[in-house]
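Report on the structure
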Amino acid sequence: MGIDISEVWTRLIVCCLFLIFGPHAQYTINARKVMEDALKSSEEKYRTIIQSIADGYFEVDTSCRFTFYNDSICRILEYPRDELMGMDVRELMDRKNADAVFCSLNEMSRAGESSLSTATLITKYGSQRFVETVSSPVEDPNGNIFAYRGILRDITDRKKAEALIQEKIAADAANKSKTEFLANMSHEIRTPLNSIIGLVELLLETEMRPEQKEDLNIVLSA
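Since the model is a prediction, treat every value here as computed from it, not as a measurement. (Residues numbered from 1 in each chain as written. Predicted model: local features only at pLDDT ≥ 70, side-chain atom pairs only at ≥ 80, totals over all residues. Heavy atoms only, no water.)

Brief notes about the nonpolar core
Soluble globular proteins tend to bury their nonpolar side chains together. Ranked by size, the top nonpolar core spans 24 residues in total, and within it F66, I73, L77, L84, L92, L121 and L152 carry the most contacts. Where this core is concerned, the elements lending two or more residues are β1 (56–61), β2 (66–69), α2 (71–77), α4 (95–111), β3 (115–122) and β5 (145–154). Apart from residues lying up to four places away in sequence, I73 is in contact with G56, Y57, F58, L84 and L152. (Core = buried A, V, L, I, M, F, W, Y, C linked by side-chain atoms within 4.5 Å. Buried < 20%, exposed > 50% of the residue type's maximum accessible area, 1.4 Å probe, protein only. Helix = DSSP H or I, 4+ residues; strand = E, 2+ residues; numbered from the N terminus. Contact = heavy atoms within 4.5 Å.)

Encoded structure:
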């Protein structure tokens, strides 16, 4: 039985290639696994940070539907987590605020920059929340926008405090105007009244019928 030289050479070449490239291939596999583990760890850390912040974090697609959000968004909007997924953000607003959000997204898409905006949202139970949002577009490797993400801050308490301050300022201004009006009226009325009183007193010193004096005394006492 003869030996096939070509088969021997083939096996020999395969062994050489394995000896040469095998360690490199294993190194590449190990390096890729390290990178994947690091990426996974980084994503977990990122998600943990996002979930722990007091402000709301959200991601929506180009149709304004929620694709990701943290627990603070659920707390602010008073919605269970499963009910918000896929919901159109504009369902949480009246027509005016929804149109404003739509215009803001269009401007952001054209400029490719972050935008700051305020809006009034309606929670699941019908209460109003005044919010401030900083949003930015998310692009694919080709530069096409496929989503938006942002931070949402509940400023309801601040708005209420500002409204109370404005009401107090308005009330103080009204009281000041009222006081000034009464002071002016008092001055305007006092001047002619002093003249009337003086004339009545002079008349009482003159000769007149008893009923006339009685009438003048009534005026004087009044």
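From this point, the discussion proceeds with the structure in view.
As for the confidence of the model for the protein
Averaged over every residue, the pLDDT of the protein is 79; the share at 70 or more is 76%. Within the protein, helix α1 (residues 5–52) has the poorest average pLDDT of any element, 60, and α2 the best, 93. (pLDDT = per-residue confidence, 0-100.)

A look at the pairing of β1
Here β1 lies mainly inside the structure; five of its six residues are buried. In the sheet, β1 pairs with β5 via six bridges, with the strands oriented antiparallel. Counted as the bridge partner of V60 is Y148 from β5. Bridge analysis of β1 against β2 gives three bridges, and the strand direction is antiparallel. (Pairing = 2+ DSSP bridges.)

Here's the deal with helix α5 (residues 156–204)
For α5, built from 49 residues, the straight-helix expectation of 72 Å at 1.5 Å per residue is met to within 8% by its first-to-last C-alpha distance of 70 Å. Among the residues making up α5, those that are buried are T156, V200 and L204. Looking at the buried positions of α5, the neighbouring elements they touch are β4 (128–139), β5 and α6 (210–221). (Expected span 1.5 Å × (residues − 1).)

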